[in-house]
Structure formats: C-alpha cells, structure tokens
Amino acid sequence: MRYRISHPMNTDADTYWDKIFFDPEYNEKLFKDYLKFSNYRVLEMRKEADGAVHRRVESSPPIELPGALKKVMGDLSSYSEAGVFDPVRKRFTVKVTPSAGADKVRTEVVIWVEPRGADHSERMVDVDNEVKIFGVGKVAEKFLEQQLRSTYAAAAEFTNRWIAEKGLAP
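Because the structure is predicted, anything quoted here is derived from the model rather than measured.

Reading the values: the criteria
- Residues numbered from 1 in each chain as written.
- Predicted model: local features only at pLDDT ≥ 70, side-chain atom pairs only at ≥ 80, totals over all residues.
- Heavy atoms only, no water.
- Core = buried A, V, L, I, M, F, W, Y, C linked by side-chain atoms within 4.5 Å.
- Buried < 20%, exposed > 50% of the residue type's maximum accessible area, 1.4 Å probe, protein only.
- Helix = DSSP H or I, 4+ residues; strand = E, 2+ residues; numbered from the N terminus.
- Contact = heavy atoms within 4.5 Å.
- Arc of directions from axis to C-beta.
- Phe/Tyr/Trp six-rings, centres within 6.5 Å; stacked < 30°, edge-to-face > 60°.
- Pairing = 2+ DSSP bridges.
- Axes fitted to C-alpha atoms, helices over the stretch in contact; angles between N-to-C directions.
- Polar contact = N/O pair within 3.5 Å; in protein donor to acceptor, adjacent residues only side chain to side chain.

Peer 1: Would you take a moment to explain the nonpolar core for this structure?
Peer 2: Across soluble globular proteins, you tend to see nonpolar side chains buried next to one another. Counting 34 residues, the largest nonpolar core has Trp-17, Phe-92 and Ile-111 as the members making the most contacts within it. With six residues, helix α4 (residues 137-166) is the largest single contributor of residues to this core. The residues touching Phe-92, leaving out its near neighbours within four places in the chain, are Trp-17, Phe-21, Phe-22, Val-53, Arg-55, Gly-83, Val-84, Phe-85, Val-109, Val-110 and Ile-111.

This is the structure:
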C-alpha cells in the first residue's frame, strides 16, 4: 500500500534539514516527550564528506495493535530504522524493520521538503507498507497507515511549535 502524507512547515527547506530534522535535542523532545515513545535511541549518526547523513535508530512508539492483529502479527511495538539523507536530492530514505515479523512486514519511507513561498515549506512523506499475512494483510496495512498519519500529524504540530520557540522561521 502506497500513500503520501504532507504537512506545512513554518520554515524553509534548508532550515528544516540543517537545524531541525537531525538535531538531537529536537528528536529527543519530539519522540520521548511529545510522542511518548518508550524508547528512542540513535544507534548511529554519521555525516559523509559529501553531506550524506546515515542514521540508524531504534524506537518503541505507543502503539497497541488490535487483539486479532496482535495474535497474527506478534509484537510490533518496536522497530529499527536505517535511513540515508541524499544531500543532492535533499531526500531522506528509510527502511523500517519491526522487532517481530520482519519477514512479513515491510515499510519504506521517503521524506523531502518542498518550498511554499519565501519562508514556508511542506514536508512530504511517501510511504510504502506491505504486510504479507494471509487474511489480515490489508487490514494490518490500513492500521499502520492510520498510525503513521496520526504520528506524522502530531510531529508536524510539534515541529511548527519548535520552529516558533527556537526562532527558526526565516
């Protein structure tokens, strides 16, 4: 299942990438304090000479699978993600691996930011989810979509407050 999520950002694209997205303080506050993840840990973060950024994280969002899905899918309450930021295309491509059922659940995400005037932008997120479990795959994909849409909407709200509080609007 493929879909797009987008939200306005009250800053320009360069500020979003350079001063927000990879900022450790921002991520700590977003995931642990605001989104209430029980775990958010950066396992690796390195920047190449060409500007590419490699980041691996491990996290546990506050998601409770419905009973029927949990029986079939197991515990999807934590996952790891491995992402690479392409400095030329200004896109962050991520592969998400659940802690359980990695052979049955595939999620890939591409994030980029498009300009919307002189001092605004729109964060775009393309998601590709696939759940290969007979009888519940489509239901599980729809559940994951709802969870991601909700999480990205909350993150956009937090991010725009962060932008205002930190004076990151151009």
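Having seen the structure, we can now continue with the description.
Peer 1: Got a minute to help me understand the side chain of Thr-15 in this structure?
Peer 2: On the secondary structure map, Thr-15 appears in helix α1 (residues 13-21). Overall, the relative accessible area of 14% leaves Thr-15 in the buried class. Ignoring anything within four residues of it in the chain, the contact list for Thr-15 reads Ile-20 and Leu-168.

Peer 1: Looking at this structure, I do not really get helix α2 (residues 24-34). What am I missing?
Peer 2: Within an α-helix, residues lying three or four positions from one another point in the same direction, as the helix has 3.6 residues per turn. Among the residues of α2, Tyr-26, Asn-27, Leu-30 and Phe-31 are the ones counted as buried. Taken down its axis, α2 places every buried residue within 100° of arc, on the same side. Here the buried face of α2 lies against α1, β2 (39-47), β3 (53-60) and α4.

Peer 1: Help me understand the packing of aromatic side chains in this model?
Peer 2: Each pair of aromatic rings is reported with the distance of its centres and the angle of its planes. A full pass over the atoms with the stated rule returns 15 aromatic pairs. Judged by centre distance (5.3 Å) and plane angle (80°), the rings of Tyr-16 and Trp-17 are edge-to-face. On the basis of relative accessibility, which here comes to 2%, the residue Tyr-16 falls in the buried class. Taking the centre distance of 5.6 Å and the plane angle of 75° together, the rings of Phe-22 and Phe-92 count as edge-to-face. Of this pair, Phe-22 sits in the loop between α1 and α2 while Phe-92 sits in strand β5 (residues 91-98), placing them 70 residues apart in sequence.

Peer 1: Just to check I follow, could you spell out the pairing of β2 for this structure?
Peer 2: Within a regular strand, side chains alternate between the sheet's two faces. The sheet contact formed by β2 and β3 spans eight bridges and is antiparallel. Counted as the bridge partner of Glu-44 is Arg-56 from β3. Taking the residues between adjacent antiparallel strands as the criterion, β2 and β3 are bridged by five residues, where Gly-51 takes a positive phi near 100°.

Peer 1: Is there a simple way to explain the sheet that holds β2 in this structure?
Peer 2: Within a sheet, adjacent strands bond to each other through the backbone by hydrogen bonds, running parallel or antiparallel. With respect to topology, seven strands assemble into an open sheet ordered β1-β7-β6-β5-β4-β3-β2, the strand pairing being antiparallel. Of all strands in the sheet, those bounded by a partner on one side alone are β1 (2-9) and β2. Direction aside, neighbouring strands of the sheet carry axes that sit 15° apart on average. Sheet topology note: the strand β4 (residues 79-86)/β5 ladder contains eight bridges and is antiparallel. Across the sheet, Val-84 pairs through a bridge with Thr-93, a residue of β5. Each of β1, β3, β4, β5, β6 (105-115) and β7 (121-131) touches α1; the most contacted strand, β6, lies at about 125° to it.

Peer 1: What is the right way to look at the environment of Ala-100 in this model?
Peer 2: Examined against the element boundaries, Ala-100 turns out to sit in the loop between β5 and β6. Considering only alpha carbons, one finds Ala-100 and Ser-78, 22 residues apart in sequence, at a separation of 8.2 Å.

Peer 1: Quick question: what am I supposed to make of the side chain of Ser-121 here?
Peer 2: With respect to the secondary-structure elements, Ser-121 resides in strand β7. On the basis of relative accessible area, Ser-121 is assigned to the buried category, the value being 1%. Within the structure, the side chain of Ser-121 is placed 2.7 Å from the backbone oxygen of Thr-11, a separation counted as a polar contact. Once you skip the residues sitting within four places of it in the chain, Ser-121 turns out to touch His-7, Pro-8, Met-9, Thr-11, Asp-12, Ala-13, Val-113, Glu-114, Pro-115 and Arg-116.

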